[in-house]
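# Notes for the structure review
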Amino acid sequence: MTAAIIDGKVFAAGIRARVAEHVTRLRQEHGITPGLAVVLGGEDPASQVYVRNKGRMTVEAGMQSFEHRLSTETSEADLLTLVQRLNADPAVHGILVQLPLPGHMNADLVINAIDPAKDVDGFHISNVGRLGTGQKAMVPCTPLGCLMLLRDRLGSLSGLDAVVIGRSNIVGKPMAQLLLGDSCTVTLAHSRTRDLPQVVRRADIVVAAVGRPGMVTGDWLKPGATVIDVGINRIETAPGETRLVGDCDFDSCAEVAGAITPVPGGVGPMTIACLLANTVTACCRAKGIPEPEGLTA
């Protein structure tokens, strides 16, 4: 068996195009332009790249982009003041504080200071609780992107057996909640799960988000399973040379799976696309406008 490749790059481009259409309609019919504020604290190189890409794609979608770059020495109090100012700004419909923050800042405190209705990362404790209890919430971008890819590939997920490997607050836990919401039978596993290969082997859907390169191999999989690889790991291939790989050993998994996301080009592009979708959703909810279908869970 040779797995079909789930092309997240192409799917994400379609999501961004749909977002741009909704933004145009909001401007023309309601005189509103969704606005996304991104706060970058510190000098983390990867975060700088992410923020730059988010800003570019926000503008390309026709939305307003507000970037706030803070020095590593910025105090936690000053960051919290900025968050409160963005909470009160009617032009800002979504707020994202880029993680990681400098070590002297309490990330949980900062995230929970964001207005939950503007929390387009879906990390606020209120949104976490709403998602966990089946209420309308802002949904974390990466799990939302995974869910979209699964729905597109499989149609209805009802009754399917899903295993999520990884219990992080950013991916694993919300992914499990989203799959439960689509009536999957869900096992939330992790690196310490006993006989993990046997647990994974019964799954129709495998979402790998454990942060270990090549951990999931083909002999772990049920033939025909759909595999969503969330891992982004940089490994050294030769002195001075590296490449990105996922949490799944792609070659062996592709021989068994029915469909699989590649790394790169799978889940990664979906994260920013879903961030833009969340901003449009937040804008519509704030203004009492029916939110577009298919852009959230």
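Structural data are supplied above this passage.
Residues numbered from 1 in each chain as written. Predicted model: local features only at pLDDT ≥ 70, side-chain atom pairs only at ≥ 80, totals over all residues. Heavy atoms only, no water.

### Describing the packing of helix α6 (residues 141-154) against helix α7 (residues 172-181)
Think of two packed helices as two axes; the pair is described by the angle between the axes and how far apart they sit. One way to put it is that α6 packs onto α7 with a least axis distance of 9 Å and a crossing angle of 35°. Note on packing geometry: the crossing formed by α6 with α7 is right-handed. From α6, P143, L144, C146, L147 and L150 reach across to α7, where they touch P174, M175, L178 and L179. When the residues that make up the contact of α6 with α7 are grouped by side-chain class, the tally is nine nonpolar, no polar and no charged. (Axes fitted to C-alpha atoms, helices over the stretch in contact; angles between N-to-C directions. Helix = DSSP H or I, 4+ residues; strand = E, 2+ residues; numbered from the N terminus. Left-handed = near helix turned anticlockwise from the far one by under 90°. Contact = heavy atoms within 4.5 Å. Nonpolar A, V, L, I, M, F, W, Y, C, P; charged D, E, K, R; others polar.)

### Digging into the packing of helix α2 (residues 45-60) against helix α10 (residues 268-287)
Running from N to C, α2 and α10 cross one another at 50°; their axes reach a closest spacing of 10 Å. Compared by their axis directions, α2 and α10 come out oblique. Seen along the crossing, α2 lies across α10 with a hand that is right-handed. Along its contact with α2, which presents N53, K54, M57 and T58, the element α10 presents I272, L275 and L276. Its residues placed into classes, the contact of α2 with α10 shows four nonpolar, two polar and one charged. (Parallel < 35°, antiparallel > 145°, perpendicular 65-115°, else oblique.)

### Section: the nonpolar core
Core analysis: the largest hydrophobic core is formed by 55 residues, its most contacted members being V19, M175, L179, I228 and V230. Only α1 (8-30), β2 (35-41), α2, α6, β5 (161-165), α7, β7 (205-208) and α10 provide two or more residues apiece to this core. Sequence-distant contacts of V230, that is, excluding residues within four places in its chain, are made with T142, C146, V171, V207, A208, A209 and V267. Counting 21 residues, the second-largest nonpolar core is a separate cluster that includes A208, L221, A257 and I260. (Core = buried A, V, L, I, M, F, W, Y, C linked by side-chain atoms within 4.5 Å. Buried < 20%, exposed > 50% of the residue type's maximum accessible area, 1.4 Å probe, protein only.)

### What to know about the sheet that holds strand β11 (residues 259-260)
Across the sheet, six strands lie side by side as β1-β11-β8-β7-β5-β6; this open sheet has parallel pairing. In this open sheet, the two strands that pair with only one neighbour each are β1 (4-5) and β6 (185-189). Of the strand pairs in this sheet, β5 and β6 are connected by five bridges, and their pairing is parallel. Within β6, the position partnered with V163 by the bridge is T187. Against the sheet, α6 contacts β1, β7, β8 (226-229) and β11, and its axis sits at roughly 160° relative to β8. Against the sheet, α7 contacts β5, β6 and β7, and its axis sits at roughly 170° relative to β6. (Pairing = 2+ DSSP bridges.)

### Observations concerning unusual backbone geometry
Residue L99 is joined to P100 through a cis peptide bond whose omega torsion reads 5°. The residue P100 is located in the loop between β4 (94-97) and α4 (107-111) in this model. Look at the link from V263 to P264: it is a cis peptide, with omega at 0°. Note that P264 resides in the loop between β11 and α10. The phi dihedral of S183 is positive, around 70°, even though this residue is not glycine. Structurally, S183 is set in the loop between α7 and β6. Positive phi, close to 50°, is recorded for D195, a residue that is not glycine. When you line up the elements, D195 lands in the loop between β6 and α8 (196-201). Judged by its relative accessible area of 53%, D195 falls in the exposed class.

### Thoughts on the sheet that holds strand β3 (residues 64-70)
Reading across the sheet, the three strands line up as β3-β2-β4 and stay open at both edges, with parallel pairing between neighbours. Edge positions in the open sheet fall to β3 and β4, since each of these has one partner strand only. The mean inter-strand angle of the sheet, taken between neighbouring strand axes irrespective of direction, is 15°. Strand direction decides the pairing type here: β2 and β3, joined by seven bridges, are parallel. When the bridges of β3 are listed, G41 appears paired with L70. Relative to the sheet, α2 contacts β2, β3 and β4, its axis offset from that of β3 by approximately 160°.

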